[in-house]
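Residues per chain are reported as follows:
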Amino acid sequence: MADNKIMVTKSSMPEFDEYVEMIRPLWDTHWLTNFGDYYKRLEKELKQYLGVPQISLMVNGHMALELAIQAMGFPEGGEIITTPFTFISTTHAIIRNKLVPVFCDIKLSDYTIDENKIEDLITEKTVAILPVHVYGNICNIHKIQEIADKYNIKVIYDAAHAFAQTLDGIGVGNFGDISIFSFHATKIYNTIEGGAVVFKEESFYRKLHDLKNFGIRSETVVAEIGANAKLNEFSAAMGLCNLKAVEKNIYEREKRVRYYIQKLEEIEEIKLCKFDLENTTYSFGYFPILFRQELCADGIRDKVYDKLRENNIYSRKYFYPITADEACFKNKYKKVALENARYAGNNVLVLPLYPELEYETINEIVEIITKCIDSETCTYMA
């Protein structure tokens, strides 16, 4: 049994002295927020690292998405086709903009939105498609763009799970009209809290700048009804430090993913994600497994989850319930045909993954999973 809690992830942090040296000048300038030097430097470095035309930093990934949608100026009541298999933030950003989420089912092959079901959901009210690169699995961007072009609607990608990834050598942030990233502490790259909108149109930068700074243009002019979504200097400094370690972070994560696969790939009751390593570079932010319901005892995912917790190992039912079934929607979407999404929501478990995760711990996790599968009652361990 693990002596200390093994969480599903662990925040990446620089050496303490490195961060202290980075923030030391802030005690001289007292410039802690409002687009300081670290903010400007991080924006420049991330733009280069991600290989994107334009970038605007935000206080977190949710505000990045919410303000990006607001900046696009969709009419109230417009519909956005999206996935129910995502973090609740994706759906909230739509609704908080007084728009309507239209849920499209997913593919069980990679958990991304089923591009073959999108077109049937388009109506005269449809203004955009909002897919999610789930677990770093990149959506079928070509088919989605083809549909968007056909109906003259926008594409907004939630790329919170796909930082640093590329498809055919192109940074994932270049697809669609807009992509957003999250730099939350749980992500492979973090600024403690933070996020970004990436986009092509240079004029969009001013729009986002206004929206994240109360709409203030000058000391005497407020041009927009905006929010406060600026990234502060302490977070920007953390981001600059962590950016130096991203590639090493990804390298160590990939080694552990490969080890997990080696241990689990022969278990027929479990379905693993397939990585397209020929065309895609991954950041290996998550390691999900799906318990094949038809081959397992009832409730096996939850039994494994509970048994891991008994051993101080914390996995995640990620995403359960699916967003369409969350209590805050008062069952409004319960009757929507989302068979694959609900199947995944009931059977996917995300296992611990971070650069410092010990291989002995992975062995323990695999042993618990294996013994739970072999025992319907899952009572083999004290």
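Remember, predicted model here, so these are calculated numbers, not experimental data.

A.B. asks: Can you break down the packing of helix H10 (residues 300-310) against helix H12 (residues 359-374) residue by residue, with the values?
C.D. replies: The geometry of H10 relative to H12 is characterised by a closest axis approach of 10 Å and an angle of 140 degrees between their N-to-C directions. Looking at the two axes, H10 sits oblique to H12. You can see that H10 and H12 cross each other, and the crossing is right-handed. Of the residues in H12, those touching H10 at Ile300, Lys303, Val304, Lys307 and Leu308 are Ile365, Ile368, Ile369, Cys372 and Ile373.

A.B. asks: An account of the layout of surface pockets is needed here, citing residue identities and associated values.
C.D. replies: Looking at the largest pocket, its volume works out to about 610 Å³. Phe87, His184, Thr186, Lys187 and Tyr318 are, among the 33 residues lining the largest pocket, the residues nearest its centre. Elements with a minimum of two residues in the lining of the largest pocket: helix H4 (61-71), helix H5 (88-95), strand S8 (178-182), H10 and strand S13 (348-351). Here the residues of the lining of the largest pocket are counted per class, giving 15 nonpolar, 13 polar and five charged. Estimated volume of the second largest pocket: approximately 410 Å³. Taken together, 19 residues form the lining of the second largest pocket, with Ser12, Met13, Ala245, Pro355 and Glu356 sitting closest to its centre. Those elements that provide at least two residues to the lining of the second largest pocket are helix H8 (233-243) and helix H9 (246-264). Of the residues forming the lining of the second largest pocket, the biggest block, four residues, is contributed by H9.

A.B. asks: Before we move on, can you summarise unusual backbone geometry with the specific residues and values?
C.D. replies: In terms of backbone geometry, most residues other than glycine have negative phi values and most peptide bonds are trans. Between Tyr320 and Pro321 the backbone carries a cis peptide bond, its omega angle lying at -10 degrees. By secondary structure assignment, the location of Pro321 is in the loop between H10 and helix H11 (339-347). In this model, His30 sits at a positive phi of 60 degrees, which is unusual for a non-glycine residue. By secondary structure assignment, the location of His30 is in the loop between helix H2 (26-29) and helix H3 (37-50). For His30, a relative accessible area of 61% corresponds to the exposed category. We note that Phe214 has phi near 65 degrees; this positive angle belongs to a residue other than glycine.

Calculation criteria
Residues numbered from 1 in each chain as written. Predicted model: local features only at pLDDT ≥ 70, side-chain atom pairs only at ≥ 80, totals over all residues. Heavy atoms only, no water. Axes fitted to C-alpha atoms, helices over the stretch in contact; angles between N-to-C directions. Helix = DSSP H or I, 4+ residues; strand = E, 2+ residues; numbered from the N terminus. Parallel < 35°, antiparallel > 145°, perpendicular 65-115°, else oblique. Left-handed = near helix turned anticlockwise from the far one by under 90°. Contact = heavy atoms within 4.5 Å. 1 Å grid on protein atoms, 1.4 Å probe; cavity = no way out; pocket = protein on both sides within 12 Å on 5 of 7 lines; lining within 4 Å. Points joined across faces, edges and corners; volume = space filled by probe spheres on them. Nonpolar A, V, L, I, M, F, W, Y, C, P; charged D, E, K, R; others polar. Buried < 20%, exposed > 50% of the residue type's maximum accessible area, 1.4 Å probe, protein only.

These results come straight from atomic positions and should not be treated as a statement about function.
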